[in-house]
2 protein chains.
Amino acid sequence: MPDGLKGSQKAKLFSAMATNANRAYTVRLPAWGGPTEAPSVEASRGGGTGRRAGFKIRFPKGSGGSIPPSGTTPLVTNIMMNFCSYCGESVSRKTPHDDNRKRWVCDSCGRIHYQNPLPVVGCVPERDGKILLCKRAIEPRYGYWTVPAGFMELGESTVQGAARETREEACAEVEIGHLFAVVDVIDAGQIHLFYTAKLIGDFSAGHESLEVALFSEDEIPWDDIAFHSGRYALKKYFEDKGQNTGVHIHELRRSRS
Amino acid sequence: MPDGLKGSQKAKLFSAMATNANRAYTVRLPAWGGPTEAPSVEASRGGGTGRRAGFKIRFPKGSGGSIPPSGTTPLVTNIMMNFCSYCGESVSRKTPHDDNRKRWVCDSCGRIHYQNPLPVVGCVPERDGKILLCKRAIEPRYGYWTVPAGFMELGESTVQGAARETREEACAEVEIGHLFAVVDVIDAGQIHLFYTAKLIGDFSAGHESLEVALFSEDEIPWDDIAFHSGRYALKKYFEDKGQNTGVHIHELRRSRS
């Protein structure tokens, strides 16, 4: 419960939370990475503060402790909402007219608050056969290695996003090549798009990285790669040997990843 | 202003709207389609009711009348928020600690409400060299033709989404092939992913379509295709002649589309 709320506001919030707690939805679950991570589409009720963490994952506080057994529940979910972001009144889960899915709908103004998967963009920066990886300075997966990647921002293309993430995480410029891997990270509500890239000039650790370094294929720390999707992209990158022969499509679900 | 609000709620809403109206952001703008459409990431303040319209575009009522001259303003923007969807208090535009962009941040509980581009998935269903198109029964672009496509839903893969859209709009089953086009529709805050597909069995108009029909390349109603992204996908599909030689990446901005 946030501080600074007046009594009536607290009552309103408690009421909405109590009502929603009985509804049939699940809250964001871990999905796509190593054994300890618990990313989600967005920080929400009962979760963290929406902190952006390197791979730009938003993950709920304590979610690791409330993971249902694999295969027992629907793993993907809508993010919790208590109030309409337009008028501030309560929202309910209901199926709008002409729709076939439950959405968050405002009880007062009727606005529908859609929730959809989010795109994550990244690249495999290469120079002389070596790949630039970043050692994460943030949770989740602190201390593990990753290719530069993160949530795409409004106003940019997928190519621009992949280059921006490389700039932010590895202080490096890249010339983006072709899209070679798309990974559906279903339980996190994300799709990850990976481009080939040529590393240009210097590099150094951005503020989300402990260090950045170049690795040849046999030097890649496979057991210490932060995320399944990034590991998949690296594997496919080496399999392709730089040839553009289409995109590898891969689906990650908790029960099978 | 929604009906049914109490006086204090109205005052709260007016106050939030007045404050936010002076802030430096723009609201969703038309972007990627024909001359009349005005899609956006999500219905929001001053806009429509979030109605899902065929291509699953959400577009603001009257936005066509408030389009700034091309090139004079940043075209992409964050969706208007007045209130925190968690605690119901007001939100402000500010740059969170450890971030480099302005976000909607709750003035009370501090939650950050990120906004990112959304994925749209579609396919080009083919049988014996002919392509299945749908004539739109809904706005925007009522009466224009489109390949089956729409917003990806939580819980599904890009492939599943493309097949689902075909089922909904054309009552048809498809066997999805390979990803061949990705279009960044920047001003709408969307990325569109198009797959090849083989049409299986019968088809008929879904409730969002006036009719569905098969077209050979020289029968395609090019001047009546609903959206730039779909037209691009069709062009590239025929150029490729079904070969999987990588993905065509295309960027649509209002000033250049």
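Whatever comes next refers back to the structure up there.
Keep in mind that this is a model prediction, so the values were computed, not measured.

Trainee: Just to check I follow, could you spell out the nonpolar core for this structure?
Mentor: The tendency in soluble globular proteins is for nonpolar side chains to be buried side by side. Counting 50 residues, the largest nonpolar core has Leu 133 of chain A together with Leu 133 of chain B as its most contacted members. Other than its neighbours up to four places away in sequence, Leu 133 of chain A contacts Trp 145, Thr 146, Val 147, Glu 211, Val 212, Ala 213, Phe 215, Ile 220, Pro 221, Ile 225 and Leu 234 of chain A. Listed in part, the 40 residues of the second largest apolar core include Ile 191 of chain A together with Cys 134, Ala 172 and Leu 199 of chain B.

Trainee: Please clarify how the sheet that holds strand β1 (residues 91–94) of chain B should be interpreted in this entry.
Mentor: Neighbouring strands of a sheet are bound in pairs by backbone hydrogen bonds; such pairs are parallel or else antiparallel. Residues and elements named next belong to chain B. Strands sit in the order β1-β2-β3 across an open sheet of three strands; the sheet is antiparallel. Only two strands of the sheet have a single partner each, and these edge strands are β1 and β3 (112–113). Bridge analysis of β1 against strand β2 (residues 103–106) gives four bridges, and the strand direction is antiparallel. Residue pairing for β2: Arg 93 is matched across the bridge by Trp 104.

Trainee: Sorry if this is basic, but what is going on with the side chain of Ser 216 of chain B here?
Mentor: Residue and element names in this part refer to chain B. By the element assignment, Ser 216 lies in the loop between β10 (209–215) and α3 (228–240). Classification of Ser 216 as buried rests on a relative accessible area of 15%. Within the structure, the side chain of Ser 216 is placed 2.7 Å from the side chain of Asp 218, a separation counted as a polar contact. Not counting residues within four places of it along the chain, the set of residues in contact with Ser 216 comprises Gly 129 and Lys 130.

Trainee: Could you clarify how one ought to interpret the pattern of salt bridges in this entry?
Mentor: Should their charged atoms come close, side chains of opposite charge can pair. Applying the stated criterion across every chain, the model contains 26 salt bridges over all chains. For Arg 101 of chain B, the salt bridge goes to Glu 156 of chain A, with nearest N and O atoms at 3.9 Å. Remark: Glu 156 of chain A occurs in the loop between β7 (149–151) and α2 (158–170) and Arg 101 of chain B occurs in the loop between β1 and β2; the pair is interchain, linking two chains. Glu 156 of chain A gets classed as buried once you look at its relative accessible area, which sits at 8%. Across the pair Glu 173 of chain B and Arg 167 of chain B runs a salt bridge whose closest N-O atoms are separated by 2.8 Å. A network of salt bridges, in which partner residues are shared, links Asp 99, Arg 101 and Arg 103 of chain A together with Glu 153, Glu 156, Arg 164, Glu 165 and Glu 168 of chain B.

Trainee: Explain unusual backbone geometry here, please?
Mentor: Residue and element names in this part refer to chain A. Along the chain, Glu 139 connects to Pro 140 via a cis peptide bond; the corresponding omega equals -5 degrees. Relative to the assigned elements, Pro 140 resides in the loop between β5 (130–136) and β6 (145–146). In this model, Asp 98 sits at a positive phi of 65 degrees, which is unusual for a non-glycine residue. Tracing the backbone shows Asp 98 in the loop between β1 (91–94) and β2 (103–106). Here Cys 171, not a glycine, exhibits a phi torsion of approximately 45 degrees, which is positive. Checked against the element boundaries, Cys 171 lands in the loop between α2 and β8 (173–185). For Cys 171, a relative accessible area of 38% puts it in the partly exposed group.

Trainee: I tried to follow the packing of aromatic side chains on my own but got confused; where do I start?
Mentor: Two aromatic rings, taken as a pair, are described by how far apart their centres are and by the angle between their planes. Under the counting rule described, the total for this entry stands at eight aromatic pairs over all chains. Measuring from centroid to centroid gives 6.3 Å for Trp 222 of chain A and Phe 238 of chain A, while their planes differ by 75 degrees, and the two rings are edge-to-face. Of this pair, Trp 222 of chain A sits in the loop between β10 (209–215) and α3 (228–240) while Phe 238 of chain A sits in helix α3, placing them 16 residues apart in sequence. With relative accessibility at 22%, the residue Trp 222 of chain A sits in the partly exposed group. Pairing Phe 180 of chain B with Tyr 237 of chain B gives two aromatic rings, centres 5.8 Å apart and planes at 70 degrees, and the pair type is edge-to-face. Placement of Phe 180 of chain B in strand β8 (residues 173–185) and of Tyr 237 of chain B in helix α3 is noted, with a sequence separation of 57 residues between them. Residue classification places Phe 180 of chain B among the buried residues on the basis of a relative accessible area of 0%. Classification of Tyr 237 of chain B as buried rests on a relative accessible area of 10%. Grouping aromatic residues by their ring pairs yields a cluster made of Phe 180, Trp 222, Tyr 237 and Phe 238 of chain A. Lying over the aromatic face of Trp 104 of chain A, Arg 93 of chain A brings its terminal NZ or CZ to 5.0 Å of the ring centre. When the ring centre of Tyr 86 of chain B is taken as origin, the NZ or CZ atom of Arg 111 of chain B, which lies over that ring, is 3.8 Å away.

Trainee: Explain the sheet that holds β2 of chain A here, please?
Mentor: All names here are of chain A. The three strands lie next to each other as β1-β2-β3, forming an open sheet whose pairing is antiparallel. The outermost strands of the open sheet, each flanked by one partner alone, are β1 and β3 (112–113). By the bridge criterion, two bridges tie β2 to β3 in an arrangement that is antiparallel. Pairing of Trp 104 across the sheet is with His 113, part of β3.

Definitions and limits used
The residue count restarts for each chain, going from 1 along the sequence in the order it is written. Chain labels run from A onward and ligand labels from 1 onward, assigned in the order the entries are written. At least 70 in pLDDT is required for a residue's local features to be given in this predicted model, at least 80 for side-chain atom pairs to be given and counted, and no such filter applies to totals for whole chains, interfaces and linings, which use all residues. Each side-chain value is worked out from all heavy atoms of the structure, with water and hydrogens disregarded. Among buried residues, the Ala, Val, Leu, Ile, Met, Phe, Trp, Tyr and Cys ones that are joined through side-chain atoms within 4.5 Å form a nonpolar core. Working definition: with a 1.4 Å probe on protein chains only, accessible area under 20% of the residue-type maximum means buried, over 50% means exposed, and in between means partly exposed. Whether two residues touch is decided by their heavy atoms; if any such pair falls within 4.5 Å, the residues are in contact. Only when DSSP finds a minimum of two bridges between them are two strands counted as paired. In this description a helix means any DSSP run of H or I spanning at least four residues, a strand means any run of E spanning at least two, and both kinds are numbered starting from the N terminus. Polar contact is defined as a pair of N or O atoms within 3.5 Å, subject to the rule that within protein one atom must be able to donate a hydrogen and the other to accept it, and that residues adjacent in sequence are counted only when both atoms are side-chain atoms. Basic side-chain nitrogens of Lys or Arg form a salt bridge, by our definition, when they fall within 4 Å of a carboxyl oxygen of Asp or Glu. Each pair of aromatic rings taken from Phe, Tyr and Trp, with Trp reduced to its six-membered ring, is defined by centres within 6.5 Å and is described as stacked if the planes are under 30 degrees apart, edge-to-face if over 60, and tilted in the remaining cases. As a reminder, the over-ring test applies to NZ of lysine and CZ of arginine, requiring each to be within 6 Å of the ring centre and within 35 degrees of the ring normal.

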